[in-house]
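Listed below, chain by chain, are the residues.
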Amino acid sequence: MATTPITLNRHLNYSALPLHEPGGAQYRALVERMRRSLADVGCAVVNNILTPAGVAALVDEADRVAPNAHHSYNRTNPYFTADDNTLEPTHPKRRFYDRTNAFVPADNFATGGPLRGIHDAPGFDRFIQECLQVEPFHRYADPLADVIINQATEGPGFPWHFDTNDYTVTLAIQNAEGGGQFEYAPAIRTPHEENFDEVRRVLDGQSDRVRTLDLQPGDLQLFLGRHSLHRVAPLTGRRPRYVGIFSYVDQPNMVASPERCKQLYGRVLPIHYQQAGQRADVLLD
Ligand SMILES: O=C(O)CCC(=O)C(=O)O
Ligand SMILES: [Fe+2]
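Please read these numbers as outputs of a predicted model, since none were measured by experiment.

Undergrad: How do you make sense of the overall build of the protein when you look at a structure like this?
TA: For the protein, the count of helices and strands is 7 helices and 15 strands. What you see for the protein is a C-alpha radius of gyration of 19 Å, in line with the 19 Å of a compact globule of 285 residues. If one aligns the C-alpha atoms of the protein with their principal axes, the spans along those axes are about 70 × 50 × 40 Å. Of all 285 residues assigned to the protein, the portion counted as buried reaches 48%. Relative to all contacts within the protein whose residues are 6 or more apart in sequence, the contacts with residues 24 or more apart total 81%.

Right, dumping it as structure tokens:
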């Protein structure tokens, strides 16, 4: 029986990411490989999901909206917790690093534009969910945060940390001239064991558990960051590093809190206050 062909996105390299044939052998083998890699090392990559025209279009778009990035600065330990002076000074919870963050909010990426076009490509969300094997699985409904670009310029990169979310979906768009490798220590902690000794060795540059990924423009990465300590190595040169981040959550219609929004994106929209109000109502019931 004839099936309706999906409209192909000219920025996507379907030979690397065969979203047009989700029942096909190549697609199934790719999902299997991704699942195995996530189970083994908490990280899985599909290289080269963009065509050369796709990379060029995403870089152009990123350059155009980069001035709208919201820059925030803080000092943080790998756990994003406050200092605890009852612990010895070299404890991993007492290692604080400069973190600079520049997120281009999601409302800079128009429907039909290059980055949102990748997110909206038929089969994209389903592929991610099949690899991660998570349920429920919804797009983040936050109009400032569903798909963003993380822009980083010369400097210390993104220091060692554990994520507060279970998984991250990123697309490399442009590398800095030097540095910027993604370094991670797979499953260095578990829900039951913090493994501070090994974390300390990673922070001191003395662990043999650290893996390094040199992602290239067009590489799609799925990463389980809650238990794998990771960082983006320091960056050099004038060219900024751009990474697209696609966000999914386990609830429909979910948006960030007004506080978090203000901190990460520099703005708050009516929907953030409305949903915060609704959440408060629910709690008061
Ligand atoms: O920019 C990246 O490649 C990942 C940064 C990161 O670890 C994060 O946003 O939590
Ligand atoms: Fe992270």
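Undergrad: Please explain the pattern of salt bridges as it appears in this structure.
TA: Charged atoms that come close allow side chains of opposite charge to pair. Enumeration over the complete set of coordinates arrives at 15 salt bridges. In this structure, Arg 94 and Asp 83 form a salt bridge, with 2.9 Å as the shortest nitrogen-oxygen distance. With Arg 94 in the loop between β2 (70-76) and β3 (97-104) and Asp 83 in the loop between β2 and β3, this pair connects stretches of sequence that are 11 residues apart. Residue Arg 94 is classed as partly exposed on the basis of its relative accessible area, which comes to 21%. Across the pair Asp 120 and Arg 139 runs a salt bridge, and its minimum N-O distance is 2.8 Å. Of this pair, Asp 120 sits in the loop between α3 (114-119) and α4 (124-132) while Arg 139 is found in strand β4 (residues 138-139), placing the two residues 19 residues apart along the sequence. Of the residues examined, Asp 120 reaches a relative accessible area of 35% and is grouped as partly exposed. Several salt bridges converge on common partners, so that one network encompasses Arg 28, Arg 126 and Glu 130.

Undergrad: Looking at this structure, I do not really get the packing of aromatic side chains. What am I missing?
TA: Two measures describe an aromatic ring pair: the distance that separates the ring centres and the angle between the ring planes. What the rule picks out here adds up to 10 aromatic pairs. When the centroid spacing of 6.0 Å and the interplanar angle of 70 degrees are considered together, the rings of Tyr 79 and Phe 196 count as edge-to-face. Residue Tyr 79 is found in the loop between β2 and β3, and its partner Phe 196 is found in helix α5 (residues 196-203); the two are separated by 117 residues along the sequence. By relative accessible area, Phe 196 is classed as partly exposed at 24%. Measuring from ring centre to ring centre gives 5.9 Å for Phe 182 and Tyr 184, while their planes differ by 40 degrees; the resulting arrangement is tilted. As far as the burial class goes, Phe 182 and Tyr 184 line up, both buried.

Undergrad: Can you help me understand the sheet that holds strand β12 (residues 229-232) in this one?
TA: Within a beta sheet, neighbouring strands are joined by backbone hydrogen bonds and run either parallel or antiparallel to one another. Taking strand neighbours across the sheet as the criterion, the 4 strands line up as β6-β12-β9-β10 in an open arrangement whose pairing is antiparallel. Either end of the sheet is taken by a strand with one partner, and the two such strands are β6 (158-161) and β10 (211-213). Each strand axis lies, on average, 15 degrees off the axis of its neighbour in the sheet, ignoring direction. Strands in contact with α5 are β6, β9 (182-185) and β12; relative to β12, the strand with the most contacts, it is inclined by about 15 degrees.

What counts as what
- Think of each chain on its own: its residues are numbered from 1, step by step along the sequence as written.
- Ligands are numbered from 1 and chains lettered from A, in the order in which they are written.
- In keeping with the predicted nature of the model, local features appear solely for residues at pLDDT of at least 70, side-chain atom pairs appear and are counted solely at 80 or more, and the whole-chain, interface and lining totals rest on all residues.
- Computation of side-chain values covers all heavy atoms of the structure but excludes hydrogens and water.
- A run of H or I in DSSP becomes a helix once it reaches four residues, and a run of E becomes a strand once it reaches two; helices and strands are each numbered from the N terminus.
- Based on C-alpha atoms, the radius of gyration is set beside the globule rule, defined as 2.2 Å times the residue count to the power 0.38.
- Relative accessibility decides the category of a residue: with a 1.4 Å probe and only protein chains considered, values under 20% of the type maximum give buried, values over 50% give exposed, and everything between is partly exposed.
- Contacts: residue pairs with any heavy atoms within 4.5 Å of one another.
- In the sections that follow, a salt bridge refers to a side-chain nitrogen of Lys or Arg positioned within 4 Å of a carboxyl oxygen of Asp or Glu.
- A pair of Phe, Tyr and Trp rings is counted when the ring centres sit within 6.5 Å of each other, with Trp represented by its six-membered ring. The angle between the planes then sorts it: under 30 degrees is stacked, over 60 is edge-to-face, the rest tilted.
- Here the rule is simple: two strands pair whenever DSSP picks up at least two bridges between them.
- Note on geometry: axes are lines fitted to C-alpha atoms, helical ones only across the stretch in contact, with angles between N-to-C directions running from 0 to 180 degrees.

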